[in-house]
Amino acid sequence: MSYRIETSNDQGDTYVSDGSFSRGADVDVAAAAAADQRKLLFFGTGNNPGTSMTPIDLTGPACGDRFYGPYLKFVDTDLAAGRCRYSVLVVAKPGVTEAPAIRIMTSAQDAIPQVAGPPALLDTFADHRFWRIDVAVPMPTRGNNGLASAEMRYSIPGTRRPESEPYTFAVPGRNAQWNWAFTSCNGFSSDVSRDVEREYAGIAPLWRDVLRKHASVKYHAMLGGGDQVYMDGVWDLPELQPWLALKHKDAKATAPLTRAMNDAAHGFYFAQYLHYFAKDGFADALASIPSMFVWDDHDIFDGFGSYPGYLQASPVFRGLFIAAQRFYLLFQHHTTLARARTADGYLGVDRGGHSAVRQMGPHNAALLIDTRTERSVDTLVSGGSWTLIEEALRTQLAPSTRHLFVCATVPMVYPRLHAESVISVAGIAANAVGHVAGKMPWFSYLKKSGAFKTIVNSLGEPELLDDLNDHWTSANHVAERNATLDMLGRIARERGNLRITLVSGDVHCGGAGHIFPSSVPADQWLTHPAHMTQIISSAIGNIPPPGIVIRALHAVAKPLAVSGESGDLLTEAMLAPFDVDASEPTHKLPSDQRALMGRRNWCSVEPRGAMAGTLTLELRVEVNKGHRDGLTHAYPVAVLPKLTDAEFAAGGGGGKMHTSADGMTQDAGASLRQTAIPIVGM
């Protein structure tokens, strides 16, 4: 089957269904211009087919008189120049043709010359212009250690704040460890009713907690681990209902994406981003904490990538993906498909992925793995893209990097149920594959969204329910997970002093686990490259699973052997960080119910602990559902630095003292014991 779907902007850029991009190539300019005149943008007000569509209100406190935004992004650290690089995105309203102007100052109101580049026009849509401003700010120093942190202020006339009320962000010192936040699942699944959303007070409560914590510790970055926006409502578009009503596989596989479908999809994704990025709390975080994002299925639509191949390759699925990708790159990455590889360093074969390695100061780095763009029922990331990722880790990490955070969106370490084809399906909403109630039996299954929900299979293919496995640990993907762990272990082994930690979201509960070498004593894990902690923080917005799901997951949270090629005898197991109830801290939880916490949460990462170089990843769990102030209870998980064999022999473990780079001496073995969290099932 061969097809070609095109959508264009005012500048003659053409986006086509095979993922390629051309500038000014045979574009129907008149048709594109007509499509871009759709000034009235819509989003679904309900979660079921046939719900009314209501114009989105894009006015309010997060909207200036000329620009939407600003949205602040962390780009990278230029260690040689001693600068942190950022980008700022604003979206000009219709009729606003002039470029934005930015003024950057220190907290003392001193203007800093030559830190901002000229505004670059990335794209246009519906007479809205996407402007990117690149900013490079010197990292402050204090003596030889460079531990200072500076507050910067910036203003952009025409945004939601006047110049007299500038936005602020924190720039880390040249040699400082970073404070940063991790979030995921920033919205509500399509099976969550409006009444339930109101019970939880929307997504605002925990974003207020993020901002409250930011006011005290000054986060240098914010990592979003997927589902920053929820786009499931795309299936409510009236233009897609005829396709959803098709009853046969071949019809769905070959039905064309019409111009009306394409226009409606682009308008939907664009409007939803403006809507989400203006939400209470989130808008302030986007303007004041430099972000790094990677997408997951809801940023496209529920379960994308895990459907059978004939659906994934259908013109309608591909067309929706192209629209979602266009605005994902613009809003979350301040880039386009044309410049993502060449100018912004994203990794993927033939523009088939948007993974990235980002240096966070001299000591830390992040690997953000795009597991959606190339995903299929059997593959998460293509072999070619994995090769590029491994090469980037070998060549881009600074020699001084001691800690690599790997954002894998879905946890690599997580309890497994025998019915994983049901529990691990990525919340596949019935409206994504059809709405023919009564034609087929109804199947009620546990989903990752935490609800008991009827999944309608209108295609008459029961195996569809078995093939939609979304977790790294599903039968379809566990071999790829193990190969990824092998690759990360090789990188850590070659470098000698690199600790790797996995951070993930997706599953709508908090937790922690680890991969550890079962053949060596625990006090030697400090030196072993294969020891990796898994932090699970989800969701900052979405509702948690029901208690029965959490209890079922605890029941199967047993240590498991990890198969790989490294030769190490490895075990994966959950940890038990949740010793007390978040609402009643004096109430101890049962010892067999401490691995997962079914409440909304986010993660704060700070450089503190019993040993120099320790990073504490603090799971901050909502105390009272929907309380407007978003009060949280903190559960710390300490990740100690990886010592080289020489460091360990000279001072670590065995009661010996370890002298760190900053001159502190401590017992490394004692530090490990002090920070240890019980291992579930051992």
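Residues numbered from 1 in each chain as written. Predicted model: local features only at pLDDT ≥ 70, side-chain atom pairs only at ≥ 80, totals over all residues. Heavy atoms only, no water.

Here the focus is the overall build of the protein. What the protein contains, in helices and strands, is 16 helices and 31 strands. Out of the 682 residues belonging to the protein, those deemed buried represent 62%. Across the protein, contacts joining residues at least 24 apart in sequence account for 72% of those joining residues at least 6 apart. Surface exposure of the protein reaches about 23700 Å², of which carbon and sulfur atoms provide 53%. (Helix = DSSP H or I, 4+ residues; strand = E, 2+ residues; numbered from the N terminus. Buried < 20%, exposed > 50% of the residue type's maximum accessible area, 1.4 Å probe, protein only. Contact = heavy atoms within 4.5 Å. Areas by Shrake-Rupley, 256 points an atom, 1.4 Å probe, with all protein chains shown as cover.)

What follows is about the nonpolar core. Ranked by size, the top nonpolar core spans 124 residues in total, and within it F130, W235, Y269, F301 and F331 carry the most contacts. Broken down by element, this core gets its largest block of residues, 12 residues, from helix α9 (residues 315-333). The next biggest cluster of nonpolar side chains, apart from the first, holds 43 residues, and it includes V381, W472, A530 and I550. (Core = buried A, V, L, I, M, F, W, Y, C linked by side-chain atoms within 4.5 Å.)

With an omega dihedral of 10°, the bond running from G69 to P70 counts as a cis peptide bond. One can find P70 in strand β6 (residues 67-78). Following S538, the chain continues to A539 via a peptide bond in cis, the omega torsion being 5°. Among the structural elements, A539 can be located in the loop between β23 (532-536) and α14 (547-555). The backbone phi angle of K218 is positive, close to 60°, even though this residue is not glycine. By secondary structure assignment, the location of K218 is in the loop between α3 (204-217) and β14 (221-224). You can call K218 partly exposed: its relative accessible area is 32%. For H334, which is not glycine, the phi torsion reads 55° and is therefore positive. Locating H334 in the fold gives a position in the loop between α9 and β16 (356-360). A relative accessible area of 1% places H334 in the buried class.

The next thing to look at is the pairing of strand β9 (residues 120-125). One ladder, built from five bridges, connects β9 with strand β10 (residues 128-138); its direction is antiparallel. Looking across to β10, one finds that A120 is bridged to R132. The hairpin formed by β9 and β10 contains two residues between the paired strands, and A126 there has a positive phi angle of roughly 50°. (Pairing = 2+ DSSP bridges.)

What follows is about the state of the cysteines. For the structure on display, the rule yields zero disulfides. No disulfide involves C185; its sulfur sits 9.8 Å from that of C509, the nearest cysteine. Overall, the relative accessible area of 0% leaves C185 in the buried class. (Disulfide = S-S within 2.5 Å.)

Backbone hydrogen bonds hold the strands of a sheet together, and the pairing may be parallel or antiparallel. Ordered in space as β8-β11-β12, the three strands form an open sheet in which the pairing is antiparallel. The open sheet has two edge strands with one neighbour each: β8 (103-106) and β12 (167-171). Looking at each pair of strands side by side, their axes are set apart by 30° on average, direction ignored. (Axes fitted to C-alpha atoms, helices over the stretch in contact; angles between N-to-C directions.)

As a further point, take α3. Under the 1.5 Å per step criterion, the end-to-end length of α3 is 20 Å for 14 residues, consistent within 8% with the ideal 20 Å. Those residues of α3 that sit buried are A204, P205, L206, W207, D209, V210, K213, H214 and V217. In the core, the buried residues of α3 are packed alongside β13 (180-183), β14, α7 (282-288), β27 (601-606), β28 (615-622) and β29 (632-639). Following α3 by one or two positions, K218 has its phi on the positive side, about 60°. (Expected span 1.5 Å × (residues − 1).)

If charged atoms from side chains of opposite charge come close, those side chains can pair. According to the stated counting rule, one finds 30 salt bridges in the structure shown. One connected set of salt bridges, linked through shared partners, spans D209, R212, K213, E606, R608, E618 and R620. (Salt bridge = Lys/Arg side-chain N within 4 Å of Asp/Glu carboxyl O.)

Taking 1.5 Å per residue, 19 residues should reach 27 Å; α9 reaches 26 Å between its end C-alpha atoms and fits that length. Of all 19 residues that make up α9, 19 are buried, and the element is covered over most of its length. Just past α9, the residue H334 takes up positive phi, approximately 55°.

Here the focus is the packing of aromatic side chains. Taken as a whole and assessed by the stated rule, the structure comprises 35 aromatic pairs. Centroid distance Y86 to F169: 5.1 Å. Interplanar angle 65°. Geometry classified as edge-to-face. Within this pair, whereas Y86 is found in strand β7 (residues 83-92), its partner F169 is found in strand β12, the two being separated by 83 residues in sequence. What makes Y86 buried here is its relative accessible area of 1%. A relative accessible area of 4% places F169 in the buried class. Centre to centre, the rings of W180 and F405 are 4.8 Å apart; their planes meet at 80°, and the pair counts as edge-to-face. Here W180, found in strand β13, pairs with F405, found in strand β18 (residues 403-409); they are 225 residues apart in sequence, far enough to count as distant. Take W180: its relative accessible area is 1%, and that puts it in the buried class. (Phe/Tyr/Trp six-rings, centres within 6.5 Å; stacked < 30°, edge-to-face > 60°.)

This part covers the environment of G226. Here G226 shows up in the loop between β14 and α4 (241-244). Assessed through its relative accessible area of 1%, G226 is described here as buried. A C-alpha to C-alpha distance of 9.9 Å links G226 and R372, two positions 146 residues apart in sequence. Those residues within four positions of G226 in sequence are excluded, and the remaining contacts are S184, C185, V294, W295, D296 and D299.

In this section: the confidence of the model for the protein. Scored by pLDDT, the protein has a mean of 80; 76% of the residues are at 70 or more. Low pLDDT (under 50) marks residues 1-57, which in the prediction has 134 contacts with non-local residues, meaning those over four places away or in another chain. (pLDDT = per-residue confidence, 0-100.)

All right, on to the pairing of strand β11 (residues 150-155) then. The sheet contact formed by β8 and β11 spans four bridges and is antiparallel. Across the sheet, I104 pairs through a bridge with Y154, a residue of β11. For β11 and β12, the ladder comprises five bridges, and the chain directions are antiparallel. Pairing of E151 across the sheet is with A170, part of β12.

Moving on to the packing of helix α10 (residues 383-396) against helix α13 (residues 478-495). Between α10 and α13, whose axes approach to 11 Å, the crossing angle comes to 20°. As summarised for this structure, α10 and α13 are arranged roughly parallel, according to the angle between their axes. Note on packing geometry: the crossing formed by α10 with α13 is right-handed. Facing α10, whose interface residues are W386, I389, E390, L393 and R394, α13 presents E480, T484, M487, L488, R490, I491 and E494. Its residues placed into classes, the contact of α10 with α13 shows six nonpolar, one polar and five charged. (Parallel < 35°, antiparallel > 145°, perpendicular 65-115°, else oblique. Left-handed = near helix turned anticlockwise from the far one by under 90°. Nonpolar A, V, L, I, M, F, W, Y, C, P; charged D, E, K, R; others polar.)

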